[in-house]
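Chain by chain, the residues run as shown.
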Amino acid sequence: MPKQIITLPHSTPPIAPFSAGTMADGIVYVSGTLPFDEHNNVVHLGDAAAQTRHVLTIIQQVIEAAGGTMADVTFNSLFLTDWAYYAAINQVYAEFFPGEKPARYCIQCGLVKPEALIEIASIAHIAKGDA
């Protein structure tokens, strides 16, 4: 099964060897997405809600570039640096998933840049047809 690399226009190379997303057999895998600007600097320092919105907007762009929508997301992996941010993250998260919610897990951990408070990876099923 061939895979398709999903990239965003005007994106800069990531800080590690990976693609923003890949699609195979109608399934989109979005890499762990951090609150980075076009120069791989962390944005919205100290604001977990704004960082979450930034991350989910990028994920949305990757999924849309593959032909899907956020309603096609079936699973999210959330990584946060402190449980103190959990409520703010969930409030923004609910804005992006207002209807049926995807499955997910959430863990507290360190991230590649200390200023980053959240990282999210997603899986979306965009194949349309008989299931």
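So, here's what we can say about the structure. (Residues numbered from 1 in each chain as written. Predicted model: local features only at pLDDT ≥ 70, side-chain atom pairs only at ≥ 80, totals over all residues. Heavy atoms only, no water.)

## Remarks on helix 2 (residues 86–96)
Piece 1. Within helix 2, the full set of buried residues consists of I89, V92, Y93 and F96. Relative to the axis of helix 2, the buried residues are bounded by an arc of 105° and lie together on one face. Away from its buried face, by an angle of more than 90 degrees, helix 2 presents the exposed residues A87 and Q91.
Piece 2. Residues of helix 2 that are buried sit in contact with helix 1 (48–65), strand 4 (73–80), strand 5 (103–108) and strand 6 (118–125). (Buried < 20%, exposed > 50% of the residue type's maximum accessible area, 1.4 Å probe, protein only. Helix = DSSP H or I, 4+ residues; strand = E, 2+ residues; numbered from the N terminus. Arc of directions from axis to C-beta. Contact = heavy atoms within 4.5 Å.)

## Regarding the pattern of salt bridges
Piece 1. Enumeration according to the criterion identifies one salt bridge in this entry.
Piece 2. Measuring nitrogen to oxygen at the nearest pair gives 2.6 Å for the salt bridge that ties E95 to R53. Residue E95 is found in helix 2, and its partner R53 is found in helix 1; the two are separated by 42 residues along the sequence.
Piece 3. E95 gets classed as partly exposed once you look at its relative accessible area, which sits at 46%. (Salt bridge = Lys/Arg side-chain N within 4 Å of Asp/Glu carboxyl O.)

## What about the packing of aromatic side chains?
Piece 1. If you walk through the whole model with that rule in mind, you get four aromatic pairs.
Piece 2. Taking 5.8 Å as the distance between ring centres and 55° as the angle between the ring planes, the aromatic pair formed by F75 and Y105 counts as tilted. Here F75, found in strand 4, pairs with Y105, found in strand 5; they are 30 residues apart in sequence, far enough to count as distant.
Piece 3. Note on F75: relative accessible area 25%, which makes it partly exposed.
Piece 4. Residue classification places Y105 among the partly exposed positions, given a relative accessible area of 38%.
Piece 5. Ring pairs connect the aromatic residues F75, F79 and Y105, which therefore count as one cluster.
Piece 6. Cation over ring: R104 sits above Y93, and NZ or CZ is 4.6 Å from the ring centre.
Piece 7. Over the ring of F36 we find K113; its NZ or CZ atom is 5.0 Å from the centre of that ring. (Phe/Tyr/Trp six-rings, centres within 6.5 Å; stacked < 30°, edge-to-face > 60°. Lys NZ or Arg CZ within 6 Å of the ring centre and 35° of its normal.)

By themselves, these observations are geometric and do not establish any function.
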